[in-house]
Amino acid sequence: MPSSPSDDARPPGTARRVKVQRRGPMLVEGPVEVELEDGTTVFSDRFQVALCTCRRSRRFPWCDTSHRARTPGPGGDEPAAKD
Ligand code: FES
């Protein structure tokens with residue numbers, strides 16, 4: 001049976017925060033160790049880490065902002081203007 005967040009007995013303020021965005025990377029409070037599909041691990045000791053969710057990063061699993069060129073604009077499927 002999967003656990004729910006309310007099953008976690010950690011004291012308030014001690015849980016690692018993950019920020020999920022509709023478009024763009026997943027922001028995770030660091031340091032983090034990420035296990036990749038092939039079983040290798042990568043590590044970052046940054047205060048906050050941007051994990052790529054679009055799979056277009058050349059530095060996967062880290063976001064390199066490649067998602068910006070392919071993000072649909074606010075009104076539909078057209079690409080957003082580049083920065
Ligand atoms: S989410 Fe930024 S490059 Fe993939």
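If you're wondering where the values come from, they're calculated on a predicted model, not measured in any experiment.

Parameters and conventions
- Residue numbers run consecutively from 1 along every chain, following the written order of its sequence.
- Under the rules for a predicted model, residues below a pLDDT of 70 receive no local features and side-chain atom pairs below 80 are neither given nor counted, while totals for whole chains, interfaces and linings still include all residues.
- Each side-chain value is derived from all of the structure's non-hydrogen atoms; neither hydrogens nor water enter the calculation.
- Here a helix means four or more residues in a row that DSSP labels H or I, a strand means two or more in a row labelled E, and each is numbered from the N terminus.
- Throughout this description, buried means an accessible area under 20% of the type-specific maximum (1.4 Å probe, protein chains only), exposed means over 50%, and partly exposed covers the range between.
- In this description, contact between two residues means that some pair of their heavy atoms is separated by no more than 4.5 Å.
- Note on areas: Shrake-Rupley with a 1.4 Å probe; residue coverage comes only from the protein chains shown.
- Here, a salt bridge means any side-chain nitrogen of Lys or Arg that lies within 4 Å of a carboxyl oxygen of Asp or Glu.
- In this description, strands pair whenever DSSP reports at least two bridges between them.
- Residues grouped as a nonpolar core are buried Ala, Val, Leu, Ile, Met, Phe, Trp, Tyr and Cys residues, joined through side-chain atoms within 4.5 Å.
- Any pair of N or O atoms that falls within 3.5 Å is considered a polar contact. Within protein, one atom must be able to donate a hydrogen and the other to accept it, and sequence-neighbouring residues count only if both atoms are side-chain atoms.

*Asks:* What should I look at first to understand the overall build of the protein chain in this one?
*Replies:* A tally of helices and strands in the protein chain yields zero helices and five strands. Secondary structure elements of the protein chain, listed N to C terminal, follow the sequence β-β-β-β-β. Relative to its 83 residues, the protein chain shows a buried fraction of 23%. Taking contacts inside the protein chain between residues at least 6 apart in sequence as the whole, the part at least 24 apart equals 18%. Total accessible area on the protein chain stands at roughly 7000 Å², and carbon and sulfur atoms take up 48% of it.

*Asks:* Can you walk me through the pattern of salt bridges in this structure?
*Replies:* Working definition: two side chains of opposite charge can pair if their charged atoms are close together. Under the counting rule described, the total for this entry stands at one salt bridge. Note that E37 is salt-bridged to R55, the shortest N-O span being 3.3 Å. Placement of E37 in the loop between β3 (32–35) and β4 (41–44) and of R55 in the segment after β5 (48–51) is noted, with a sequence separation of 18 residues between them. We classify E37 as exposed; its relative accessible area is 74%.

*Asks:* Which parts of the structure should I look at to understand the sheet that holds strand β2 (residues 26–29)?
*Replies:* In a beta sheet, neighbouring strands pair by backbone hydrogen bonds and run either parallel or antiparallel. One open sheet holds the three strands; their spatial order is β1-β2-β5, and the pairing between them is antiparallel. Strand pairing shows two members of the sheet lacking a second neighbour, β1 (18–19) and β5, which therefore form its edges.

*Asks:* Explanation requested: the nonpolar core in the structure shown.
*Replies:* Across soluble globular proteins, nonpolar side chains show a tendency to be buried alongside one another. Ranked by size, the top nonpolar core spans six residues in total: V28, V32, V34, V49, L51 and W62. If you list the elements that add at least two residues to this core, you get β3 and β5. V34 has contacts with T40, T41, V42, L51, P61 and W62, leaving out every residue within four places of it along the chain.

*Asks:* Any chance you could explain the environment of R16 here in plain terms?
*Replies:* Summarising the element assignment, R16 is placed in the segment before β1. For the pair formed by R16 and E29, sequence separation is 13 residues and the distance between their alpha carbons is 6.2 Å. Within the structure, R16 has its side chain in polar contact with the backbone oxygen of E29 (distance 2.8 Å). At a separation of 3.2 Å, a polar atom in the side chain of R16 contacts the main-chain carbonyl oxygen of P31.

*Asks:* I tried to follow unusual backbone geometry on my own but got confused; where do I start?
*Replies:* Peptide bonds are, in most cases, trans, and in most cases residues other than glycine have a negative phi. Here the residue pair G30 and P31 is connected by a cis peptide bond, since its omega of 0° sits within 30 degrees of zero. For P31, the position within the fold is in the loop between β2 and β3. A cis amide bond links F60 with the next residue in sequence, P61, at an omega value of 15°. Here P61 lies in the segment after β5. With a phi angle near 70°, R55 is a residue other than glycine that sits in the positive phi range. Although it is not a glycine, T65 adopts a positive phi angle of roughly 70°. The topology assignment puts T65 in the segment after β5.

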